[in-house]
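Here is what each chain is made of, one letter per residue.
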Amino acid sequence: MKFPPQSRPRHLVLVLGDQLEAKSAAFDGFDPVLDAVWMAEVAEESTHVWSHKTRIALFLAAMRHFRDGLRERGLAVHYAALDDTPAAGTLAEELLSTASRLTPQKLIAVQLGEWRVEQSLLAAARQLGLELEIRPDRHFLSSREEFSAHAKGRKQLRMEFFYREMRRKHAVLMDGDQPVGGAWNFDADNRESFGKSSPGDVPQPIRFRPDKITREVLELVAKRFARHPGSQAHFDWPVTPEQAQAALHDFIEHRLPNFGKYEDAMWSSGDGLFGQPYLFHSRLSAAMNLKLLDPREVIAAAEEAYRKGRAPLASVEGFIRQILGWREFVRGIYWHFMPGYRELNGMNAQESLPNFYWTGKTQMNCLRQAIGQTLEFGYAHHIQRLMVTGLFSLLLGVKPQAVHEWYLAMYVDAVEWVELPNTLGMSQHGDGGLMASKPYVASGKYIERMSNYCSGCRFDPAKSTGDDACPFTTLYWDFLLRHEKFLAKNQRMAMQLKNLARLDTPKRKAIQQQATQFRAVCCHPTVAA
Ligand SMILES: Cc1cc2nc3c(=O)[nH]c(=O)nc-3n(C[C@H](O)[C@H](O)[C@H](O)COP(=O)(O)OP(=O)(O)OC[C@H]3O[C@@H](n4cnc5c(N)ncnc54)[C@H](O)[C@@H]3O)c2cc1C
Ligand code: SF4
């Protein structure tokens with residue numbers, strides 16, 4: 001049934017690009033005769049960080065599909081498209097323009113995914129003299145308040161304890177009050193690499209051919225954001241809830257059984273085409289972060305696969321831990337510590353991000369593969385982000401805010417509540433240990449063990465000095481030397497510092513000299529490393 005759109009809506013419900021959920025609390029009490037929806041594509045959301053073309057296209061395509069779905073249900077949607085003229089530059093400007101024309105009695109939104117956006121919409125509402133009612137976000141299993149209650153009085157926040165609380169509270173993988181299989185965590189079973197043999201025939205994820213709406217968006221992005229990084233040539237992401245469901249079932253059936261075992265492994269096909277970007281990963285983060293997919297359904301589908309004997313417990317527990325544990329935990333950290341969190345720089349890192357992060361042009365094969373794949377698809381899996389691109393910038397000493405802006409720009413799943421704690425906290429140790437109990441540092445030997453990257457590289461991961469020394473290995477020892485005093489306070493770094501103590505003075509000097517030279521070349525914007 002179609003309803004006539006009201007010229008003056010009672011409530012204007014604001015829906016942002018990462019809030020594409022029909023059952024969102026923002027729609028509670030929505031009256032199609034009295035109320036209307038506001039959605040806006042604005043340039044600033046693609047340019048405040050230099051966003052990857054695929055990331056921009058995914059948000060816009062999913063928004064347009066959501067808009068059409070609402071209209072088909074008879075809802076009045078005031079939608080500002082980027083190709084409308086004149087287009088407003090920011091969400092606040094667009095809201096000011098639409099709301100002052102429509103003069104609703106009240107604005108309603110669900111909690112935002114980014115502190116900056118929440119503040120700007122609140123400021124716009126104040127300017128309009130309107131109430132902006134911000135409702136809790138039911139998409140998440142833990143509310144901002146529940147996380148703050150968990151954090152209260154704790155000296156240290158650790159994901160593992162939070163995760164156990166969540167398992168109990170939501171009765172996930174539990175037998176009564178005990179964890180299924182007698183342990184909370186099967187991480188030790190989840191660290192395998194492919195060794196020297198290839199991963200073989202990994203089932204390729206289901207692809208979604210762009211329809212007319214998505215093709216229009218791709219054209220718009222190609223024209224309007226031509227100078228932005230990345231390619232959109234392979235665009236195949238789910239852009240509707242139905243497609244997101246299909247992607248979930250495809251993963252559960254074909255890749256979940258091997259997810260845990262090879263979760264940390266990396267592999268390049270050696271043909272320059274980044275042959276195995278997804279391996280056994282789910283590729284569901286973007287669909288969940290845009291709210292096309294409910295995390296409860298994802299968790300339930302994985303648990304069911306275990307209960308029905310279709311996937312081993314180590315895989316299922318490892319997968320569920322990422323969603324019920326890490327995903328909820330990082331959101332809690334973000335809202336508990338913002339806005340100060342974004343400015344933290346616990347390791348006092350001041351270097352700039354090397355240029356090759358935007359081009360992939362470097363002789364270091366692991367970085368060439370991880371960045372090249374990111375430029376090509378807007379995707380890299382967790383270990384590529386943490387232990388290749390993230391590790392390198394940490395060892396180099398790049399300012400965490402510069403690293404944060406790169407990750408926020410480059411990945412299809414990047415929304416600040418999840419990206420910032422992962423980058424600044426987990427990967428760069430910029431929060432001084434709020435997120436992670438120790439800096440994730442390793443030499444090139446780790447990358448050699450977990451991938452086939454080193455076999456196609458001109459550097460040798462075993463060497464820390466000399467022309468063919470692996471820069472990761474040089475910078476790893478240099479990092480330990482630079483931060484020895486700080487790291488000595490951390491019991492979990494004892495083994496790595498014990499190994500450092502074995503290096504004699506001439507070796508230390510040679511490493512530091514090589515690291516300084518390398519850093520100067522790498523962080524100098526006009527010289528390719
Ligand atoms: C430096 C850095 C930046 C990151 N930035 C983002 C980001 O912007 N957006 C994002 O969604 N994830 C981010 N992650 C976490 C993780 O890398 C991605 O969620 C994952 O690679 C997405 O691919 P997938 O869906 O195939 O995940 P899978 O490996 O299949 O994992 C399943 C799901 O678990 C969740 N998950 C896994 N790890 C994490 C984590 N550490 N934090 C939160 N959720 C997690 C995701 O929703 C993911 O879809 C980042 C990690 C690092 C180290
Ligand atoms: S040798 Fe070093 S730089 Fe080359 S791929 Fe291995 S870890 Fe990366």
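Residues numbered from 1 in each chain as written. Chains lettered and ligands numbered in written order. Predicted model: local features only at pLDDT ≥ 70, side-chain atom pairs only at ≥ 80, totals over all residues.

(A) The overall build of the protein, seen in detail. For the protein, the count of helices and strands is 21 helices and 7 strands. For 529 residues, the compact-globule formula gives about 24 Å, and the C-alpha radius of gyration of the protein, at 24 Å, lands near that figure. Along the longest, intermediate and shortest principal axes, the C-alpha atoms of the protein span 80 × 60 × 50 Å. Residues counted as buried form 48% of the 529 residues belonging to the protein. Across the protein, the fraction of contacts at a sequence separation of at least 24, relative to all contacts at a separation of at least 6, is 77%. (Helix = DSSP H or I, 4+ residues; strand = E, 2+ residues; numbered from the N terminus. Rg over C-alpha atoms; globule rule 2.2 N^0.38 Å. Buried ≥ 20, exposed ≤ 12 C-beta atoms within 10 Å, placed from the backbone. Contact = placed C-beta atoms within 7 Å.)

(B) Quick peek at the site of ligand 1. H281, S282, S285, Q322 and E419 are the nearest of the 28 residues found near ligand 1. Counting only elements with at least two residues in the shell around ligand 1, the list comes to α10 (285-289), α12 (313-337), α14 (382-396) and α16 (416-427). Among the residues making up the shell around ligand 1, the classes are represented as 12 nonpolar, 11 polar and 5 charged. The two domains that each donate at least three residues to the shell around ligand 1 are domain 2 (144-205 + 255-336) and domain 3 (355-522). (Near = placed C-beta within 6 Å. Nonpolar A, V, L, I, M, F, W, Y, C, P; charged D, E, K, R; others polar. Domains from an automatic or database assignment.)

(C) Examining the packing of helix α11 (residues 295-307) against α12 more closely. For the pair α11 and α12, interaxial distance at closest approach is 9 Å and the crossing angle is 165°. Put simply, α11 runs roughly antiparallel to α12. Relative to α12, the crossing made by α11 is left-handed. For the pair α11 and α12, contact is made by P295, V298, I299, A302, E303, A305 and Y306 and by L313, V316, F319, I320, I323, L324 and R327, respectively. (Axes fitted to C-alpha atoms, helices over the stretch in contact; angles between N-to-C directions. Parallel < 35°, antiparallel > 145°, perpendicular 65-115°, else oblique. Left-handed = near helix turned anticlockwise from the far one by under 90°.)

(D) Structural context of the pairing of strand β2 (residues 36-40). Counting buried residues along β2, 5 of its 5 residues qualify, which places the element largely inside the surrounding structure. Of the two faces of β2, both are covered, the one formed by A36, W38 and A40 as well as the one formed by V37 and M39. For strand β1 (residues 11-14) and β2, the ladder comprises 3 bridges, and the chain directions are parallel. Considered in β2, the bridge of V13 is made with V37. With 4 bridges connecting them, β2 and strand β3 (residues 77-80) associate as parallel partners. If you follow V37 over to β3, its bridge partner there is V77. (Pairing = 2+ DSSP bridges.)

(E) Layout of the environment of P461. As for its placement among the helices and strands, P461 is situated in the loop between α17 (444-450) and α18 (471-482). P461 sits in the buried class, given 21 other C-beta atoms within 10 Å. Separated by 436 residues in the primary sequence, P461 and A25 place their C-alpha atoms 52 Å from one another. In this structure P461 touches S443, G444, K445, I447, E448, C454, C470 and T473, once residues within four positions along its chain are discounted.

(F) Quick peek at the nonpolar core. L14, A62, L121, A302 and L395 are the most contacted members of the largest nonpolar core, which has 144 residues in total. Looking at this core, the element that brings in the most residues is helix α2 (residues 53-72), giving 10 residues. Ignoring sequence-local partners within four residues, the contact set of A62 consists of L20, V239, L290 and L292. (Core = buried A, V, L, I, M, F, W, Y, C linked by C-beta atoms within 7 Å.)

(G) Focus on the site of ligand 2. Residues in close proximity to ligand 2 total 14 residues, the closest being C366, G444, C454, C457 and C470. Mapped by element, the contributors of at least two residues to the shell around ligand 2 are α13 (365-377), α17 and α18. The dominant element in the shell around ligand 2, judged by the number of residues it contributes, is α17, at 3 residues. Class assignment for the residues of the shell around ligand 2 results in 11 nonpolar, 2 polar and 1 charged.

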